[in-house]
Amino acid sequence: MSRQMPRHLISIDDLDREGIERILDRAESFAEVSGREIKKVPALRGRTIVNLFYEASTRTSSSFDLAAKRLSADVVSIRSVGSSVDKGESLKDTIHTLSAYDPAAIVIRSPHVGAAQLVAGWTSAAVINAGDGKHEHPTQALLDVFTLRRRLGRLDGTRIWIVGDVLHSRVARSNILAFTRMGAQVTVCGPPTLIPRGIEALGCEATPTIERLHEAEVVYVLRMQHERMHESFVPSLREYAARYQISTGRLSPGQLLMHPGPVNRGVELSADAIDSPQALIGEQVKAGVAVRMAVLYELLVGSPMLAAVAAG
Amino acid sequence: MTLPTQRLFHRDRPDAELLIRSAHVLDPRTDLDEPHDILIRHGRIAELGAPDSLPAPQDGEALDASGKHAFPAFVDPHVHLRTPGQEYKEDLDTGTAAAAAGGFCAVIAMPNTAPVLDDAAILGSLVERARREARVPVGFLASITRNLAGDELTEMADLSDAGALGFTDDGKPVVSAGMLRKALQYQRLCGGVVSLHEEDPALSGEGVMHEGAVSARLGLAGIPSVSESTMVARDAALARYEDARVHFQHLSCAESVQALAAAKAAGARVSGEASPHHLTLTDDVVRTLDSRFKMNPPLRTEIDRRALVEGLRSGVIDCIATDHAPHARHEKEVPFEQAAMGTTGLETAFAALFTELVMSGELELATVVQRMSAGAALYGLPTPRIAVGEIANLCLVDLEARFEVGEDGYASRSTNCCFHGRALHGRVLLTLAGGAVAFRRPMLVDHPTSRSSGAAALHSTAGGRGRGPEA
């Protein structure tokens with residue numbers, strides 16, 4: 001029997017390989033639900049999920065929304081703009097207010113590292129980190145592993161390159177942890193100014209050029225944010241694209257291409273690469289709902305102990 | 001110019017009349033390391049005698065201190081008392097209560113208050129407040145530049161006449177070498193130490209912790225070690241060129257220790273301090289994202305920590321300074337990046353160093369005791385000594401007593417202590433500062449029957465939860 005799920009999902013470190021696999025297996029069954037005409041199961045009927053987004057997000061917030069609704073939960077979505085959060089209410093006070101609704105789970109995205117962890121200390125709800133600053137984005141990593149596992153069967157021994165702005169990327173951090181936990185070998189590649197000192201401690205290797213990109217079976221490209229240019233992390237987007245842009249010409253046959261979105265066409269990815277059959281970008285998005293359903297389910301009803309509490 | 005002792009200010013308190021019986025006296029400067037009776041009369045050490053040899057003063061009491069240690073009281077050259085303007089974090093009363101509870105007989109307050117202590121009138125009003133409120137003598141550093149802005153010198157000579165012990169822009173570096181050079185030149189007129197918080201803002205950037213494997217893991221912007229050490233090297237060169245007296249505050253990394261050692265070897269009149277948290281903790285604890293571990297300079301690596309300990313042992317680093325930096329709860333109960341920088345330290349300094357460095361065998365007890373008061377001489381203040389005729393500046397410590405930090409609350413108004421919840425050994429029981437009892441732990445109760453002369457027993461705090469430190 002698989003070990004008990006953690007109470008919260010703050011970091012990929014909360015999950016061992018078995019826990020990741022359990023969520024992915026559950027996601028497989030929910031992916032089947034998503035193929036039905038009526039895409040709904042009653043698992044969380046009568047329970048409340050709060051989605052609290054302090055940062056702009058399209059795919060993460062909409063897929064959490066949809067995931068909760070497909071599990072029949074009542075969903076409250078709060079965005080910082082126009083809410084009391086916008087009026088200077090502290091995170092702690094906001095959480096106390098929302099906790100009055102007795103939510104089963106709070107999904108939080110914040111521009112600040114550690115926000116989800118803090119929230120977990122202030123509420124009795126299960127807390128799911130939907131991105132905290134540059135720290136982690138565990139559900140993105142899970143849906144990426146889900147997508148790859150579907151395609152490859154398993155990740156053991158798979159060589160995965162993560163290319164681009166690793167320094168500012170929470171996706172990179174969660175994915176390095178998740179990929180290596182599943183047995184893959186990870187290399188991060190990008191301009192030296194965008195590779196954090198000490199990143200090797202996460203269990204990956206680092207290289208400043210794409211010369212050896214052909215060694216990779218999977219090329220995972222990160223979003224390059226335009227503002228990094230103004231901060232002089234790269235001298236110009238033109239030079240960045242010339243050195244690091246992944247195009248079909250730079251992809252070897254059989255290599256799989258991934259990107260967490262949203263893509264800057266013509267910067268980190270060429271248009272032909274995005275549209276090539278090697279790209280899994282659409283499958284990643286599709287996996288988002290099923291994987292987030294699985295996370296909600298496993299945290300709220302999947303664990304034997306919590307299921308007992310819910311039944312009692 | 002005023003005498004240095006007149007640059008310390010405190011409220012009036014009665015002179016101590018006290019016999020401390022059979023305490024193990026350890027004063028590395030007077031070579032004392034054995035049990036003694038210490039008789040204090042009119043606030044001075046009147047007599048040192050063999051254990052159980054001296055009679056209690058008629059108008060005072062006798063304390064049985066057998067098994068306890070008496071040290072020269074500590075002097076902290078770096079505290080933030082948050083007055084004026086931020087009394088919700090700390091004030092002169094609570095800050096000096098914390099100092100006394102930690103065994104300190106004098107502290108030096110930093111000028112990054114609101115308003116900044118950059119004007120003789122502000123210093124004058126602070127001196128008046130200290131004379132009403134301070135439980136232990138307090139000295140003040142004024143800022144080097146107006147409003148800590150880095151572009152205009154304060155009226156350093158006037159500030160010195162008004163009682164400033166020296167100058168610092170602590171909390172910020174003096175970024176412009178040209179501006180610092182002018183301050184060092186002006187030191188020839190006004191005296192006083194120029195103390196420096198060393199950091200290159202261009203290298204620190206938006207950093208909130210040490211740059212290394214832990215910051216890479218957490219996605220937090222890092223402050224590289226070279227942000228500090230390059231400025232230490234630059235300013236040591238300026239100190240040498242101007243033959244100025246410069247003190248480097250809260251050194252945090254191995255490279256800075258090397259730069260300080262090189263500057264001393266070259267004959268520069270420089271000194272340095274290190275804090276208990278940098279001497280005992282590393283950036284590994286930041287993995288918890290507990291904002292109590294957010295301070296500037298940041299906790300660094302084990303290599304840096306060891307270099308600081310070795311620097312302290314060898315004397316390259318002259319003294320210990322707590323950088324006691326109280327913050328209100330709402331300033332710390334926020335995500336790490338938004339949290340205020342700093343930890344309190346006065347109440348835990350000795351116990352943290354004793355537990356983590358002496359008990360572990362990294363440092364000798366005598367070294368820690370010596371460095372805990374070595375900051376006094378750096379600022380031209382008299383060094384506490386346990387010797388006949390000296391003003392009573394001593395503390396009594398139970399090295400056996402184990403306690404959990406924060407279990408009885410804090411004397412400080414703030415609770416942001418990086419050692420909170422840790423089990424430490426070495427509890428301060430009594431502090432005499434400037435000849436008066438500044439702190440006495442409540443469990444120090446009278447046991448009139450324990451000795452014919454009516455001695456009070458000093459109970460260790462182990463096991464018992466007493467009341468909070470005296471209010």
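Numbers given to residues run from 1 along each chain, matching the order in which its sequence is written. Here every chain gets a letter starting at A, and every ligand a number starting at 1, in the order they are written. Where totals are concerned, whole chains, interfaces and linings use all residues; where local detail is concerned, this predicted model gives features only for residues with pLDDT of at least 70, and gives and counts side-chain atom pairs only at 80 or more. As a convention, hydrogens and water are excluded, and side-chain values are obtained from all of the structure's heavy atoms.

Caption draft 1: Local environment of the overall build of chain B. Segments assigned H or I by DSSP are reported as helices when at least four residues long, segments assigned E as strands when at least two residues long, and all are numbered from the N terminus. Counting its secondary structure elements, chain B contains 14 helices and 19 strands. At 21 Å, chain B has a C-alpha radius of gyration in line with the 23 Å of a compact globule built from 471 residues. Dimensions of chain B along its principal axes, counting C-alpha atoms only, are 70 × 50 × 40 Å. Here chain B holds 471 residues, and the buried ones make up 63% of them. Here the globule rule is a power law, 2.2 Å times the number of residues to the power 0.38, and the radius of gyration is based on C-alpha atoms. Buried means the residue's accessible area, taken with a 1.4 Å probe over protein chains only, is under 20% of the maximum for its type, while exposed means over 50%, and partly exposed covers the values in between.

Caption draft 2: Examining the overall build of chain A more closely. Each helix and strand counted, chain A has 11 helices and nine strands in total. Compactness check: chain A gives a C-alpha radius of gyration of 19 Å against a globular reference of 20 Å for 312 residues, within 12% of the reference. Its C-alpha atoms put chain A at 60 × 45 × 40 Å along the principal axes. Across the 312 residues that make up chain A, the buried fraction comes to 57%. Every residue pair with non-hydrogen atoms within 4.5 Å of one another is taken to be in contact. Of the contacts formed within chain A by residues at least 6 apart in sequence, a portion of 72% connects residues at least 24 apart. Exposure was quantified through the Shrake-Rupley algorithm and a 1.4 Å probe, taking into account, for residues, occlusion by the shown protein chains and nothing else. For chain A, the exposed area adds up to about 12700 Å²; of that, 51% sits on carbon and sulfur atoms. By the counting scheme adopted, Arg and Lys are positive, Glu and Asp are negative, and His together with the chain ends is not counted. A single reference atom marks each charge: NZ on Lys, CZ on Arg, CG on Asp, CD on Glu. Looking at charge distribution, chain A has the averaged site of its 36 positive side-chain charges lying 3 Å from that of its 34 negative ones.

Caption draft 3: View of the interface of chain A and chain B. Opposite the 23 residues of chain A that make contact, chain B presents 17 residues. Defined here as a combined quantity, buried area equals the accessible surface (1.4 Å probe) lost by two parts on assembly, summed across both. Contact between chain A and chain B buries roughly 1500 Å² in total, counting both sides, with carbon and sulfur atoms accounting for 54%. Ranking the residues of chain A by area buried against chain B places His112, Val113 and Arg197 of chain A at the top, with a combined share of 34%. A side-chain nitrogen of Lys or Arg and a carboxyl oxygen of Asp or Glu constitute a salt bridge if their distance falls within 4 Å. Run the count over chain A and chain B and you get three salt bridges. In this structure, Glu136 of chain A engages Arg217 of chain B in a salt bridge whose closest nitrogen and oxygen atoms are separated by 2.6 Å. Sorting the residues of the side of chain A that touches chain B by element identifies α3 (91-99), α4 (115-122) and α6 (170-181) of chain A as the ones contributing at least two each. In terms of residue count, the dominant contributor to the side of chain A that touches chain B is α4 of chain A (four residues). For the side of chain A that touches chain B, the per-class residue count stands at 11 nonpolar, six polar and six charged. In this count, Pro and Cys sit with the nonpolar residues alongside Ala, Val, Leu, Ile, Met, Phe, Trp and Tyr, while Asp, Glu, Lys and Arg are called charged and the others, Gly among them, polar.

Caption draft 4: A look at the nonpolar core. Among the nonpolar cores identified, the biggest contains 97 residues, and Phe71, Phe140, Phe248, Leu279, Phe350, Leu365 and Met372 of chain B are the most heavily contacted of them. Ignoring sequence-local partners within four residues, the contact set of Phe71 of chain B consists of Leu26, Phe350, Leu365, Val369, Ile386, Asn393, Leu394, Cys395, Val397 and Leu399 of chain B. Throughout, nonpolar core names a set of buried Ala, Val, Leu, Ile, Met, Phe, Trp, Tyr and Cys residues whose side chains join them through atoms within 4.5 Å.

Caption draft 5: Representation of the pairing of strand β6 (residues 74-79) of chain B in the model. Residue and element names in this part refer to chain B. Counting buried residues in β6 gives six out of six residues, a clear majority hidden from the surface. By definition, two strands form a pair when at least two bridges between them are found by DSSP. The pairing of β6 with strand β7 (residues 104-109) spans four bridges and is parallel. Each residue of the ladder has a partner; that of Val79, found in β7, is Ala109. Note on handedness: a clockwise path from strand one over the helix to strand two, with the strands aimed away from the viewer, defines a right-handed crossover. Handedness of the β-α-β unit built from β6, helix α1 (residues 92-101) and β7 comes out right-handed.

Caption draft 6: Fine view of the packing of α1 of chain B against helix α2 (residues 120-133) of chain B. Residues and elements named next belong to chain B. Only the stretch in contact is used when a helix axis is fitted, and all axes are lines through C-alpha atoms; the angle between N-to-C directions ranges over 0 to 180 degrees. Put simply, α1 and α2 touch, their axes get as near as 9 Å, and they point 55° apart. Regarding the angle of α1 to α2, the classification is oblique. Of the two possible hands of crossing, α1 and α2 adopt the one that is right-handed. Residues Leu92, Asp93 and Thr96 of α1 pack against Leu126, Arg129, Ala130 and Glu133 of α2. Looking at the contact of α1 with α2 residue by residue, the class counts come to three nonpolar, one polar and three charged. Roughly parallel refers to an angle under 35 degrees, roughly antiparallel to one over 145, roughly perpendicular to one between 65 and 115, and oblique to any angle outside these ranges. Left-handed describes a crossing whose near helix is turned anticlockwise from the far helix by less than a right angle; the clockwise case is right-handed.

Caption draft 7: Broad picture of the sheet that holds strand β2 (residues 74-79) of chain A. All names here are of chain A. Taken together, four strands build an open sheet; the order of strands is β2-β1-β3-β4 and the sheet is parallel. At either end of the open sheet lies a strand with only one pairing partner, and these are β2 and β4 (126-132). With strand direction ignored, the average angle separating the axes of adjacent strands in the sheet is 15°. As judged from the six bridges shared by strand β1 (residues 48-53) and β2, these two strands associate in the parallel manner. Each residue of the ladder has a partner; that of Asn51, found in β2, is Ser77. Relative to β4, α4 is tilted by about 165°, and along the sheet it contacts β3 (105-110) and β4. Packing of helix α10 (residues 281-302) onto the sheet brings it into contact with β1, β3 and β4, and relative to β4 it is tilted by some 150°.

Caption draft 8: Seen up close, the pairing of strand β1 (residues 18-27) of chain B. Residue and element names in this part refer to chain B. Within β1, nine of the 10 residues are buried, which leaves it mostly tucked inside the rest of the structure. The hairpin turn running from β1 into strand β2 (residues 32-41), its antiparallel successor, is four residues long, and Asp31 in that turn takes a positive phi close to 60°. Of the pairings in the sheet, the one linking β1 to strand β4 (residues 61-64) comprises four bridges and is parallel in character. Across the sheet, Arg21 pairs through a bridge with Asp64, a residue of β4. As paired strands, β1 and strand β5 (residues 69-72) are joined by two bridges and run parallel to one another. Counted as the bridge partner of Val25 is Ala70 from β5.

Caption draft 9: Main features of the packing of aromatic side chains. Residues and elements named next belong to chain B. Only the six-membered ring of Trp is used, alongside the rings of Phe and Tyr, when aromatic pairs are assigned; centres must lie within 6.5 Å, and planes under 30 degrees apart are stacked while those over 60 apart are edge-to-face, with the rest tilted. Throughout the structure, instances matching the rule amount to eight aromatic pairs over all chains. Relative to Phe350, the ring of Phe74 lies with its centre 5.5 Å away and its plane at 15°, an arrangement referred to as stacked. Of this pair, Phe74 sits in strand β6 while Phe350 sits in helix α12 (residues 349-358), and the two are 276 residues apart along the sequence. When sorted by exposure, Phe74 lands in the same class as Phe350, which is buried. Of note, Lys294 hangs over the ring of Phe336, and the distance from its end group to the ring centre comes to 5.9 Å. Note that Arg427 overlies the ring of Phe403, its terminal NZ or CZ placed 4.2 Å from the centroid. By definition here, charges over rings are those cases where NZ of Lys or CZ of Arg is within 6 Å of the ring centre and within 35 degrees of the ring normal.

Note that every value here comes from positions in space, so none of it alone points to a role or purpose.
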